[in-house]
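Topology and contacts: notes
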There are 2 protein chains.
Amino acid sequence: MANEIRPTEGELEILQILWKKGPSTVREVNDLLNDAQDKSIGYTTTLKIMQIMFEKGLLKRDDSQRTHIYTAEVREGKIQSALLDRFLNAAYKGSASKLALQLLGNHKTTPDELAEIKALIDQLEKNKPS
Amino acid sequence: MANEIRPTEGELEILQILWKKGPSTVREVNDLLNDAQDKSIGYTTTLKIMQIMFEKGLLKRDDSQRTHIYTAEVREGKIQSALLDRFLNAAYKGSASKLALQLLGNHKTTPDELAEIKALIDQLEKNKPS
DNA sequence: TAGTATATACGAATCGTTTCGTATACAATA
DNA sequence: TATTGTATACGAAACGATTCGTATATACTA
């Protein structure tokens, strides 16, 4: 065990792109990173990080062509869940409700989203009656 | 501006202790850190980190006695809010509802907490009728 | 007072992430 | 074929967080 999946913030940005876009080249990822940001990131920087992510098992790659194609090797929900768990413990000492209250209080949420969350709560309450 | 408050995980652990316990000495903090953990941390390590936190403005200290007393200089809710914002963007691309759903789905929440959250949602819905 | 325990200060080693310069390979083209 | 553009590979610098050894000051105690 002890298989800690713990992407850094930089790695997470790359994962977000791959989750959304699917298999991509380093250049595509790098372009998107530079689009969506204030600062600019050199091509070899992105390449290096993606190579390291590959070594860590976060990405897989097809190197049958000169231009390698990278794909996320980890599922979005799984990573989010792991990060959330960690964050919850680090910042809220594990109190999910405290986090939830602050989340809903501080951030704009659409009526639809609120309804969705409420529905989930209703369901949780039903399944756990006692 | 550009007054980024961004405690590291290690710093956050110390803040948690100070938030809970109030003003404390380095030794007290270090003891609690070692109590509540698997790994052990040297005294001078904790001292160093707290000194750095002091320089960053995260802590204030009373050095009128030989044994200095440290106090959290930042409010718990404020730090949590800033961290949550960052985390929400990094891991969920800003979708609070996605985070909320995963949070409530994955973690055990007591009926009381669920009720509390539902009450907040009701209130949010009332205040934002259209 | 001499010796021991405990405090802070300082500086350096280590570690992981991020960054990029440079070397090298390969492909397209003039 | 020689030039130019674009890949990957490699290595090292820079940076921040963490860790701790050691020096020094101070208090306690035998």
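Here we summarise the structure given alongside this text. Owing to the predicted nature of the structure, the values given are computational and were not obtained by experimental measurement.

Neighbouring residues of DNA strand D: 19 residues in total, closest Arg27(A), Tyr43(A), Gln51(A), Arg66(A) and Thr8(B). A share of 61% of the atoms of DNA strand D within 4 Å of the protein falls on sugar and phosphate groups. Note that a base oxygen of DNA strand D is positioned 3.3 Å from one of the side-chain N or O atoms of Lys48(A). Within the backbone of Gly42(B), a nitrogen or oxygen atom sits 3.2 Å from a phosphate oxygen of DNA strand D. Elements with a minimum of two residues in the surface near DNA strand D: helix H3 (43-56) of chain A together with helix H3 (43-56) of chain B. Within the surface near DNA strand D, the residues separate by chemical class into three nonpolar, nine polar and seven charged.

Turning next to the protein's contact with DNA strand C. Near DNA strand C there are 20 residues, and of these Thr8(A), Arg27(B), Tyr43(B), Gln51(B) and Arg66(B) occur at the shortest range. Of all DNA strand C atoms lying within 4 Å of any protein atom, the proportion belonging to sugar or phosphate reaches 60%. In this structure, a phosphate oxygen belonging to DNA strand C sits 2.9 Å away from a side-chain N or O atom of Thr8(A). Gly10(A) is positioned with one of its backbone polar atoms (N or O) 3.4 Å from a phosphate oxygen of DNA strand C.

Once that is clear, we can look at the interface of chain A and chain B. Interface size, as often reported, equals the accessible area lost upon joining of the parts. Contacts between the two partners involve 45 residues from chain A, matched on the other side by 44 residues from chain B. Inspection of the chain A/chain B interface yields 10 salt bridges. At the junction of chain A and chain B, the tally comes to 20 residue pairs in polar contact (both at pLDDT 80 or more). Counting only elements with at least two residues in the side of chain A that touches chain B, the list comes to helix H1 (9-21), helix H4 (76-92), helix H5 (96-106) and helix H6 (111-127) of chain A. In terms of residue count, H4(A) provides more of the side of chain A that touches chain B than any other element does, 14 residues in total.

Moving on: the relation of the copies chain A and chain B. What relates the pair of chain copies is a rotation about an axis plus a shift along that axis. With an RMSD of 0.1 Å, chain A superimposes on chain B once it is rotated by 180° and translated 0.0 Å along the axis. These values place the two chain copies in the arrangement generated by a two-fold rotation axis. Most of the interface of chain A is mirrored in chain B, where 98% of its interface residues are also at the interface.

We now examine the packing of H5(A) against helix H6 (residues 111-127) of chain B. Contact geometry for H5(A) and H6(B): axes closest at 10 Å, N-to-C directions at 5°. When the axis of H5(A) is compared with that of H6(B), the two are roughly parallel. For the pair H5(A) and H6(B), contact is made by Ser97(A), Ala100(A), Leu101(A), Leu104(A) and Gly105(A) and by Glu113(B), Glu116(B), Ile117(B), Leu120(B), Ile121(B) and Leu124(B), respectively.

Thresholds applied
Residues numbered from 1 in each chain as written. Chains lettered and ligands numbered in written order. Predicted model: local features only at pLDDT ≥ 70, side-chain atom pairs only at ≥ 80, totals over all residues. Heavy atoms only, no water. Near = heavy atom within 4 Å. Polar contact = N/O pair within 3.5 Å; in protein donor to acceptor, adjacent residues only side chain to side chain. Helix = DSSP H or I, 4+ residues; strand = E, 2+ residues; numbered from the N terminus. Nonpolar A, V, L, I, M, F, W, Y, C, P; charged D, E, K, R; others polar. Contact = heavy atoms within 4.5 Å. Salt bridge = Lys/Arg side-chain N within 4 Å of Asp/Glu carboxyl O. Least-squares fit on C-alpha atoms with pLDDT ≥ 70 in both. Axes fitted to C-alpha atoms, helices over the stretch in contact; angles between N-to-C directions. Parallel < 35°, antiparallel > 145°, perpendicular 65-115°, else oblique.

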